[in-house]
Amino acid sequence: MKQFFKMVFASALGIFLAGGFLILLSFSFLIGMVNSLGSTPEYVPKTNIVFKIPVTGVISETVQENPFAALTGTDEYRISLHDLLRSIRLAKENPNISGIYLEGGILSAGTAHIDAVREALLDFKESGKFIVVYAGTFTQGSYYLCSVADQIYLNPQGNLLITGLMSETTFYKGLMDKVGVQMNVFKVGTHKGFPEKYTRTDLSNENREQISSYQQGIWTNITQNISQSRNISPEVINQFADQGLAFGRPEEAVEMGLVDDLKYRTEVEDLLLLLSGQSGKKLETAGLNKMKTIRVKPTVQSNHIAVIYAEGEIKPDDTSIYSSEQVISEKLVRELVKLKNDEKVKAVVMRVNSPGGSAYISDQIWHEMMELKQVKPVVVSMGNVAASGGYYISCAADKIIAEPTTLTGSIGIFGLFPNIAGLMDKIGVTTDIVKTNRFGDFGDISRPMREDEKMIFQQFVDRGYETFITRCADGRGMTKEEIDQVAQGRVWTGEQALERGLIDQLGNLNTAVEVAAELADLQEYGITYVDSSKDLLKELLEKRLSGIKTTLVKEALGSEYDLIRSIHTKEVEMGLFCRLPFDITPL
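Not measured: the values here are computed from a predicted model.

1. A word on the overall build of the protein
Along the protein, the regular secondary structure elements total 22 helices and 21 strands. Per-residue burial over the protein gives 49% buried out of 587 residues. Considering only residue pairs separated by 6 or more positions, the protein has 77% of its internal contacts joining residues 24 or more positions apart. When the accessible area of the protein is evaluated, it comes to approximately 28400 Å², of which 54% is carbon and sulfur surface.

Put into structure tokens, the structure is as follows:
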């Protein structure tokens, strides 16, 4: 009888959970329909409204919204760079927007993204409208972005966390030695340092030197830009960082000219009431969610420049519940084919923000870029990083535009094969293989690789590098020898890449669009931003459902989610890769 009731209870619970999930799925479908139909009403600003921008969260090129984030509050605040830049431009042109109120906080963004926002804010200031900043605490990135403001205020108990740049690499060799795992590494490129995490306990001299070089280049740009905005010398900024004043008295930030005064939030908002000309007692503001709904009457153009985004690691789509990040997959190839066949599109700008990844997928995208270039001009705009595989998919373009602080290059190839024989011996597991040919068990991780296996795989990696530098040489109009001299896995900033012929010009996405128009000989044109998910049902199944799974798992696992996700995403890579030797730490 007990077993009977257990079965009944289990069946009832299963029906309840299934019913709840179907309701949730239906709810997601309705939300998807509403979003797809663009039913969000247009925001029409009243007179003297202040555009309020929280400088916090994560800035990405584009943002795929998860409609279930609000149900659990587990998703971090994400800002679409495209929406933000467009809204700043509209705020400049709209006479009812009197100024911008930046609220500093904990920001995670690359320097190229921050530079793009700073340039938009500097352009906004040409209208004569004000920009005022308040923060309880400034992180380094949020202060850098906000430093363009007319007035900067810090809470009397706040901190200005300017400490300088750092890069940290985690090494697994000690752990692997303890558990009995050995990594076989095959690479081309003296600076291709990604495999070092499995073979060393510290950075090689070559890797350390390249990290130091790009860090210094980026930091010099940051300090010089802050210096110009605040009318102080770069030495003052370095002095603040070197003396550890990030944790000193807030008054010291005022004394050194980094902020204008110490004020509480209510005092700053009272000041904004006066500056904006509002007559009420409470400051009226409009956030990004409202501003991005403002519509501009489209100009009818028969000629268009398409902007398509390539953001994330280059790898197959990951449908895992632990993956919510964007990736560059072979879907991009299909989108490029559509643009090639679209007669209204006269030129294409591809915005690349990627550390690289799969060599195979990189080559598929490169091939379609070459096919596209035969039909219409193609320009690449590089974001925070377009290195290794990110450079591979870029080198076919007619022109490459990068930000001064973009990380690019890293032209090199590596492959990894683990040997877990030691681990199997420790835990008492054995294997036995029957095969028909000598290399039938090639890649078997339960035993050490034979010397002939190592030789043929190194030859495979060498061919991959030869292909890579050939692609780059053909795309850049250089010899393979010239490319090899600046390749070897070496990472360069945009400024350094320009000096070495790896890019054509420094600039932002707008610069790339202007170059594309010039190449296509277009005087008047419209800009089309490509959205790769236009099928409602497909979006529901592939993205909404993934968002539901991720949100539910986050809620169920709580604080353990990040740990489990890190283990899942840090699995030992096997195969052939062109990827940066480190992960990029945002400002």
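Next, the rest of the story.
2. Side note on helix H4 (residues 111–125)
Working note: α-helix, 3.6 residues per turn, so residues spaced by three or four point in the same direction. An ideal rise of 1.5 Å per residue puts 21 Å on 15 residues; H4 measures up with 21 Å between its terminal C-alpha atoms. For H4, the tally of buried residues reaches 11 of 15 residues, placing the bulk of the element in the interior. Thr-111, Ala-112, His-113, Ile-114, Asp-115, Ala-116, Val-117, Arg-118, Ala-120, Leu-121 and Phe-124 are the residues of H4 that are buried.

3. Considerations on the packing of helix H3 (residues 81–93) against H4
At a minimum axis distance of 9 Å, the contact between H3 and H4 shows a crossing angle of 10°. Taken together, the axes of H3 and H4 are roughly parallel relative to one another. For the pair H3 and H4, contact is made by Leu-81, Leu-84, Leu-85, Ile-88, Ala-91 and Lys-92 and by His-113, Ala-116, Val-117, Ala-120, Leu-121, Asp-123 and Phe-124, respectively. Its residues placed into classes, the contact of H3 with H4 shows 10 nonpolar, 1 polar and 2 charged.

4. Re the packing of helix H8 (residues 205–230) against helix H9 (residues 234–242)
Contact geometry for H8 and H9: axes closest at 8 Å, N-to-C directions at 115°. The two elements H8 and H9 meet at a crossing, and its hand is right-handed. In this structure, H8 contributes Trp-219, Thr-223, Ile-226 and Ser-227 to the contact, and H9 contributes Pro-234, Ile-237 and Asn-238. Its residues assigned to classes, the contact of H8 with H9 shows 4 nonpolar, 3 polar and no charged.

5. Quick look at the packing of aromatic side chains
Within this structure, the stated rule accounts for 9 aromatic pairs. The interplanar angle of 85° and the centroid separation of 4.8 Å between the aromatic rings of Phe-417 and Phe-457 together place this pair among those described as edge-to-face. Remark: Phe-457 occurs in helix H17 (residues 451–476) and Phe-417 occurs in strand S17 (residues 413–419); sequence separation between them is 40 residues. For Phe-457, a relative accessible area of 6% translates into the label buried. Cluster of aromatic residues (ring-pair linked, three or more members): Phe-186, Phe-417, Phe-442, Phe-457 and Phe-460. Across from the ring centre of Phe-194, 4.4 Å away, lies the NZ or CZ of Lys-197, which sits over that ring. The positively charged end of Arg-471 is found above the aromatic ring belonging to Trp-366, 3.8 Å away from the centroid.

6. Some details on the pairing of strand S12 (residues 345–354)
Burial within S12 is extensive, with 9 of its 10 residues counted as buried. In terms of strand pairing, strand S9 (residues 304–311) meets S12 through 8 bridges, oriented parallel. Across the sheet, the residue bridging to Glu-311 is Asn-353, located in S12. Pairing between S12 and strand S14 (residues 378–387): 6 bridges, direction parallel. Residue pairing for S14: Val-349 is matched across the bridge by Val-379.

7. Things to note about unusual backbone geometry
Phi at Asn-231 takes a positive value of approximately 55°, unusual for a residue other than glycine. Mapped onto the fold, Asn-231 is located in the loop between H8 and H9. Looking at Asn-231, the relative accessible area reads 72%, which means it is exposed. A positive phi angle, close to 55°, is found at Gln-488, a residue other than glycine. Within the secondary structure layout, Gln-488 lies in the loop between helix H18 (480–486) and strand S18 (491–493). Residue Gln-488 is classed as partly exposed on the basis of its relative accessible area, which comes to 21%.

8. Notes on the pattern of salt bridges
Tallying each qualifying case throughout the model produces 27 salt bridges. Residues Lys-292 and Asp-83 are paired through a salt bridge, measuring 3.9 Å at the closest nitrogen-oxygen approach. Taken together, the positions of Lys-292 in the loop between helix H12 (288–291) and S9 and Asp-83 in helix H3 put the pair 209 residues apart, joining distant regions of the chain. We classify Lys-292 as partly exposed; its relative accessible area is 25%. Between Asp-452 and Arg-450 there is a salt bridge, and its shortest N-O distance comes to 3.2 Å. Given a relative accessible area of 18%, Asp-452 falls into the buried group. Each of Lys-435, Arg-438, Asp-441, Arg-447, Arg-450, Asp-452 and Glu-453 takes part in a single network of salt bridges with overlapping partners.

9. Re the pairing of strand S1 (residues 49–60)
Across the 12 residues that make up S1, a large majority, 9, are buried. Relative to strand S3 (residues 97–108), S1 runs parallel, the two sharing 9 bridges. In the sheet register, Ile-49 faces S3, and the bridge partner there is Ile-97. Summarising the sheet, S1 and strand S8 (residues 285–286) pair through 2 bridges and their orientation is parallel. Across the sheet, residue Phe-51 finds its bridge partner in S8, namely Ala-286. When S1 meets strand S2 (residues 78–80), the two strands line up parallel, connected through 3 bridges. The residue bridging Ser-60 from the neighbouring strand is Ser-80, located in S2.

The rules behind these values
- Residues numbered from 1 in each chain as written.
- Predicted model: local features only at pLDDT ≥ 70, side-chain atom pairs only at ≥ 80, totals over all residues.
- Heavy atoms only, no water.
- Helix = DSSP H or I, 4+ residues; strand = E, 2+ residues; numbered from the N terminus.
- Buried < 20%, exposed > 50% of the residue type's maximum accessible area, 1.4 Å probe, protein only.
- Contact = heavy atoms within 4.5 Å.
- Areas by Shrake-Rupley, 256 points an atom, 1.4 Å probe, with all protein chains shown as cover.
- Expected span 1.5 Å × (residues − 1).
- Axes fitted to C-alpha atoms, helices over the stretch in contact; angles between N-to-C directions.
- Parallel < 35°, antiparallel > 145°, perpendicular 65-115°, else oblique.
- Nonpolar A, V, L, I, M, F, W, Y, C, P; charged D, E, K, R; others polar.
- Left-handed = near helix turned anticlockwise from the far one by under 90°.
- Phe/Tyr/Trp six-rings, centres within 6.5 Å; stacked < 30°, edge-to-face > 60°.
- Lys NZ or Arg CZ within 6 Å of the ring centre and 35° of its normal.
- Pairing = 2+ DSSP bridges.
- Salt bridge = Lys/Arg side-chain N within 4 Å of Asp/Glu carboxyl O.

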